[in-house]
Amino acid sequence: MDNLRDLYQEVILDHNKNPRNFHKMANATRVLEGQNPLCGDHYTLFLKIEKNMITDISFEGSGCAISKASASLMCAILKGKTIKEAEKLFKLFHEVVTGDIDPIKHLAELGKLAVFSGVSEFPMRVKCATLAWHTMYAALHDEKDSVSTE
Ligand code: ZN
């Protein structure tokens, strides 16, 4: 677990400094806002869905390092995934950040997402880490209202 902890610092710092897919998307098929008022995280998520596949995904906005790194990693991992695969990862990621499963046993599916298991020790931070994911999930289900963790 020590390795995961070191990697956690590295991944969060890297993705916070250089977020991937951090831009507006002009031809998005779904656009949804998500916010976590407790921390001040506020993002807009852009999805392009074609034939049940996420062919493109991006985000913009601002917030703490954990929320931004989580959104960045989520976009990188979900690009090219089917909606079904995205829903499965959403569930798995949620179980990782709440400490319900051992990420080591699911490394193949999780990849770098596994580093977020460190968040389970800080309940306040779970909302930061899951904000982008909840927003993505709502967007997939065509919900029109913005997502709030409160
Ligand atoms: Zn936050």
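Worth saying up front: this structure is predicted, and the values here are computed from it rather than measured. Residue numbers here run from 1 along each chain, matching the order of that chain's written sequence. Local features in a predicted model are, by the rule used here, given only for residues with pLDDT of at least 70; side-chain atom pairs are given and counted only at 80 or more, and totals for whole chains, interfaces and linings are based on all residues. The basis for every side-chain value is the complete set of heavy atoms in the structure, and neither hydrogens nor water enter the calculation.

Caption draft 1: Focus on the packing of helix α3 (residues 83-97) against helix α5 (residues 123-140). Interaxial angle, 0 to 180 degrees, is taken between N-to-C directions of lines fitted to C-alpha atoms, where a helix line uses only the stretch in contact. For helices the rule is a DSSP run of H or I covering at least 4 residues; for strands it is a run of E covering at least 2, with both sets numbered from the N terminus onward. It is the contact of α3 with α5, at a shortest axis distance of 10 Å, that shows an interaxial angle of 160°. Judged by the inter-axis angle, α3 sits roughly antiparallel to α5. Viewed along their axes, α3 and α5 form a crossing whose handedness is left-handed. Across the interface between the two elements, Ile83, Ala86, Glu87, Leu89, Phe90, Phe93, His94 and Val97 of α3 pack against Val126, Ala129, Thr130, Trp133, His134, Met136, Tyr137 and Leu140 of α5. Throughout this entry, Asp, Glu, Lys and Arg are counted as charged residues, while Ala, Val, Leu, Ile, Met, Phe, Trp, Tyr, Cys and Pro are counted as nonpolar. The remaining residues, Gly among them, count as polar. In terms of residue class, the contact of α3 with α5 is made up of 12 nonpolar, 3 polar and 1 charged. Here is the rule for angles: anything less than 35 degrees is roughly parallel, anything more than 145 is roughly antiparallel, 65 through 115 is roughly perpendicular, and the remaining ranges are oblique. Here is the rule for handedness: rotate from the far helix to the near one, and if that takes an anticlockwise turn smaller than a right angle the crossing is left-handed, while a clockwise turn gives right-handed. Any two residues having at least one pair of non-hydrogen atoms within 4.5 Å are treated as being in contact.

Caption draft 2: Geometry of the coordination of the zinc ion. Coordination here is defined by N, O and S atoms within 2.8 Å of the metal (3.2 Å for Na, K and Ca), and since water is not considered, a site can look incomplete. For the zinc ion, the protein coordination sphere consists of Cys39 (SG), Asp41 (OD), Asp41 (OD), Cys64 (SG) and Cys128 (SG), at 2.2 to 2.6 Å. On the accessibility criterion, cysteine 39 (33% relative accessible area) is partly exposed. Relative accessible area decides the class of each residue, using a 1.4 Å probe on protein chains only: under 20% of the type maximum gives buried, over 50% gives exposed, and in between gives partly exposed. By relative accessible area, which is 1% here, cysteine 128 ends up buried.

Caption draft 3: The confidence of the model for the chain, seen in detail. The predicted model of the chain has a mean per-residue pLDDT of 93, with 99% of residues at 70 or higher. The secondary-structure element of the chain with the lowest mean pLDDT is helix α1 (residues 2-17), recorded at 87, while strand β3 (residues 53-62) shows the highest, at 98. pLDDT gives the predictor's per-residue confidence on a scale running from 0 to 100.

Caption draft 4: Broad picture of the packing of aromatic side chains. Between the rings of Phe, Tyr and Trp (Trp by its six-membered ring), a pair exists once the centres lie within 6.5 Å; its type follows the angle of the planes, with under 30 degrees stacked, over 60 edge-to-face, and the other angles tilted. Throughout the structure, instances matching the rule amount to 6 aromatic pairs. For the pair tyrosine 8 and phenylalanine 116, a centre-to-centre distance of 6.4 Å together with 90° between the ring planes defines the contact as edge-to-face. Of this pair, tyrosine 8 sits in helix α1 while phenylalanine 116 sits in the loop between α4 (107-110) and α5, and the two are 108 residues apart along the sequence. Measuring from centroid to centroid gives 5.4 Å for phenylalanine 93 and phenylalanine 116, while their planes differ by 70°, and the two rings are edge-to-face. Of this pair, phenylalanine 93 sits in helix α3 while phenylalanine 116 sits in the loop between α4 and α5, and the two are 23 residues apart along the sequence. Both residues of the pair, phenylalanine 93 and phenylalanine 116, count as buried. Of the aromatic side chains, those joined through ring pairs into one cluster are Tyr8, Phe93, Phe116 and Trp133.

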